[in-house]
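The lines below spell out each chain.
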Amino acid sequence: MASLSLDSCASCAEHRTKSLVRLGLSPDKWDYLIALAGNPNTGKSTVFNALTGLRQHTGNWPGKTVVRAEGAFEHGGKRIKIVDLPGTYSLQAGSVDEEVARDFVLFGRPDVTVVVVDATRLERNLNLVLQILEITDRVVVFLNLMDEARRHGVAVDPVRLEKELGVPVVPGVARQDSGIDELMAAAIDVASGKRTTSPFRVGSYAAEVESAVVGLAPVVESVYPEVPNARWVALRLLNADEAVQEAVRSGELGQLTRGDEHAVRQPPPEFERQRLLDAATRWRWDLPADFHDVVTQHCYDAAEGVAGRAQMAGLKRAGFSFDRKLDKALTSRVYGFPLMLLILAVVFWITIEGANVPSGMLAGLLIDQAHPWLTGLAASASVPWWLSGFVLDGVYLATAWVIAVMLPPMAIFFPVFTLLEDFGYLPRVAFNLDSLFKKAGAHGKQALTMCMGFGCNAAGVVATRVIDSPRERLIAIITNNFSLCNGRWPTQILIATIFIGALAPPSLGGLVSAAAVVFIALLGITMMFLSSWLLSRTVLRGEATSFSLELPPYRPPRILQTLYTSIIDRTLIVLWRAVVFAAPAGAVIWLIANISVGGESLAQHMVGWLNPVGLLLGLNGVILLAYVVAIPANEIVIPTVLMLTVLTGGLAGGAGAGVMFEADSAGATAELLRAGGWTLLTGVNLMLFSLLHNPCSTTIYTIYRETRSAKWTTVATALPLAMGFTVCFLVAQVWRLVAA
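About the cut-offs
Residues numbered from 1 in each chain as written. Predicted model: local features only at pLDDT ≥ 70, side-chain atom pairs only at ≥ 80, totals over all residues. Heavy atoms only, no water. Helix = DSSP H or I, 4+ residues; strand = E, 2+ residues; numbered from the N terminus. Buried < 20%, exposed > 50% of the residue type's maximum accessible area, 1.4 Å probe, protein only. Contact = heavy atoms within 4.5 Å. Areas by Shrake-Rupley, 256 points an atom, 1.4 Å probe, with all protein chains shown as cover. Patch = residues over 30% accessible without salt bridge, like charges linked within 9 Å, V, L, I, M, F, W, Y side chains within 5 Å. Salt bridge = Lys/Arg side-chain N within 4 Å of Asp/Glu carboxyl O. pLDDT = per-residue confidence, 0-100. Pairing = 2+ DSSP bridges. Phe/Tyr/Trp six-rings, centres within 6.5 Å; stacked < 30°, edge-to-face > 60°.

Participant: How would you explain the overall build of the protein if you had to name every residue and give the values?
Facilitator: Helices and strands together make up the secondary structure of the protein, namely 29 helices and 9 strands. Buried positions account for 54% of the 740 residues belonging to the protein. Sequence-distant contacts, at least 24 apart, represent 76% of the contacts inside the protein between residues at least 6 apart. Accessible surface, the protein as shown: approximately 31,200 Å² in total, 62% of it carbon and sulfur.

Put into structure tokens, the structure is as follows:
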């Protein structure tokens, strides 16, 4: 962690301001700063949303890929700023999430830290509470999910827990807004100093560790006499914590006090700071090899003791029978995978079938009605044909196609996906696939980003932020394109219906077509595992890291909030990026179809150049050109293919050069494609190439934003394209050999 220069620091207040600016906050916009901490799956985000409502925004922590959520509101005439820290199980700085949370509590010095605790899992949650109490005494504990605790026969005495911890404990149910007002009152009392606390501190450690702590703590106190907890600082120095060492070295540690913030505190002399670091190094040699394990176990033992004294005795424990019965099926070695595939298939079916009607309505409104009306308006205003064509037939039509085809599936898939997440099923998917990803040298959480990629690859790339390891996160980013996003489903379904379904009897055509599309989706998952395995053994060599995966209790999804967050935070943001890239693509498509050289359009020349390569791959020049000019959005591939087929083949149909269109039915589309020279091989290889080709420009842009690397963006773009060319070439050659 970067240090601060203390030469011009007149007071702790000024130093705190600099620390907050470094952490990405503007200290002049609130009266009280609240940090919201807690384990994953404790309802921390629900508390955050209950406090802030819609007055919130998200971003990244400075220099990190970890998402930061902030909110602001007023309470009792005071302006409150609340920062939602990453969900984490400890503050040992063993991961980016832990480092961010620890640094904010330590160096950001919030006026109060609210720790959200799951009442059904008190012992495990108290481990984090005790670690935070070692850093700051301004803490309020929110005992959440009290309704679930009662349902499972778990009884926690908040009064006794408050007495044990020495800080306010507020029971409640955040999803029902129960206890939120009491929580804010307690937090303001602690932040303002109206209520003082006497936090619980972990006692003595094993003899070897305790002797080192007892030996080093007096040195800490002599160099930094006003530090709040010398034992905690000693422990972190003995653990060689880089952030704390740097705070000692720079003198920043001396500013971390709750005394008079306007008092001037000069850093200790440099030789004194070095004396402390040298003492820590000497004592470190006397520590046992399992020092870290001893400290961790001691904290867990203390948490167990506090939890045991706070939980009421004499009640019948009902247990988690429902959760366990459901988990026996959903995480079973026998039934887990079939059920997972069945659930995902149902999600895809709901998305595809549910999107048909709204997609048709949007297409009818934006394309069938608005486009002719705008064209007629331009004609009546005597707008030059080239300007009308460029703007309306090119830019507008491409944008309209993207909105009509992309918006409805995303508006269905993302909410359904989020409902599964809220219900608690997605961690079970990661659990089921963890062993496979580990064998491929990837991270188990890649299962979650893979599922998100089925909705949109750009959203899947952003979702890789949940992976701590930079190497494994890169693997997840590079391979996410193998998830068949919703922009490619229409192409898959149409081509499968025309070429694969036609091979079966009419009564079975739909089933055969659906099976072909499912096969392509499963092939994508297989290619993801294969490419992850290759990357982890070549350019991204390394072992798969271990991680803690908590299976949260099943909970009723929050439907209204899910609709808001999934549509605003995911659907509209991704759609806007796609529209930004689709508009210039439409312009390019219109231009190459209408600019002629030597009596032929640029599109005809380019198709002629690409045809030999396309035929070698079992495709054709029209398909290759369509994927080049339609790179901003897969949704416009089929309209572009049909327009180019009519243009280059001199066929009847369409609405003019450069005007994208779709036929009235699958049968009409089949006739047009077959007239353009398409065969069963062309259809099969188009389905393969639709899966195995470069990401759309929206995803490429997102990859660059997440990696900040042109090198890895190029790899993520070129790898699937190379695999697509290879697979299509091999299939074409084998097909022709067998046919011969």
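Participant: So what's going on with a nonpolar patch on the surface? Which residues, and what values?
Facilitator: A cluster of nonpolar residues, V383, W385, W386, L387 and V391, forms a patch on the protein surface that exposes about 490 Å² of accessible area. Along the chain, W385 turns up in helix α15 (residues 385–423). We classify W385 as exposed; its relative accessible area is 59%.

Participant: I'd love a proper account of the confidence of the model for the protein, names of residues and values included.
Facilitator: Per-residue confidence for the protein averages 81 on the pLDDT scale, and 88% of its residues sit at or above 70. Below pLDDT 50 for its whole length, residues 20–25 participates in 31 contacts with residues either more than four positions away or in separate chains. Note on residues 258–264: pLDDT is under 50 here. Beyond four places in sequence and across chains, it has 17 contacts.

Participant: Describe the pattern of salt bridges, naming the residues involved and giving the relevant values.
Facilitator: In this structure the tally under the stated criterion is 12 salt bridges. The residue E706 makes a salt bridge to R473 at a minimum N-O spacing of 2.5 Å. You can see E706 sitting in helix α28 (residues 697–707) and its partner R473 sitting in helix α19 (residues 470–479), a full 233 residues away along the chain. An identical accessibility class is assigned to E706 and R473; each is buried. Residues participating in the shared-partner salt-bridge network are R160, E164 and R309.

Participant: An account of the pairing of strand β1 (residues 32–38) is needed here, citing residue identities and associated values.
Facilitator: In terms of burial, β1 is a largely internal element, 7 of the 7 residues being buried. With burial as the criterion, each face of β1 is covered, one bearing Y32, I34, L36 and G38 and the other bearing L33, A35 and A37. Taken together, the 5 bridges between β1 and strand β4 (residues 78–84) define a ladder with parallel strand orientation. When the sheet's bridge partners are listed, A35 is paired in β4 with V83. Bridge count between β1 and strand β5 (residues 112–118): 5 bridges; the pairing is parallel. Paired with L36 across the strands is V114, a residue of β5.

Participant: Quick rundown of helix α10 (residues 242–250)? Include the residues and the values.
Facilitator: Along α10, the residues classified as buried are A243, V244, Q245, A247, V248 and S250. Of the surrounding secondary structure, the elements contacted by the buried residues of α10 are α3 (96–108), α9 (230–238) and α11 (270–284).

Participant: Which residues make up the packing of aromatic side chains, and what values go with them?
Facilitator: If you walk through the whole model with that rule in mind, you get 7 aromatic pairs. Measuring from centroid to centroid gives 5.6 Å for F413 and F417, while their planes differ by 25°, and the two rings are stacked. In this pair, F413 and F417 are both assigned in helix α15, 4 residues apart and thus about one turn of the helix distant. Using a relative accessible area of 2% as the deciding quantity, one classes F413 as buried. Each ring, one from F689 and one from F725, has its centre 5.8 Å from the other, and the planes form 20°; the classification is stacked. Taken together, the residues F689 in helix α27 (residues 680–691) and F725 in helix α29 (residues 710–739) connect sequence positions 36 residues apart. Assessed through its relative accessible area of 3%, F689 is described here as buried. Among the aromatic residues, those joined into a cluster by ring pairs are W385, F390 and W590.

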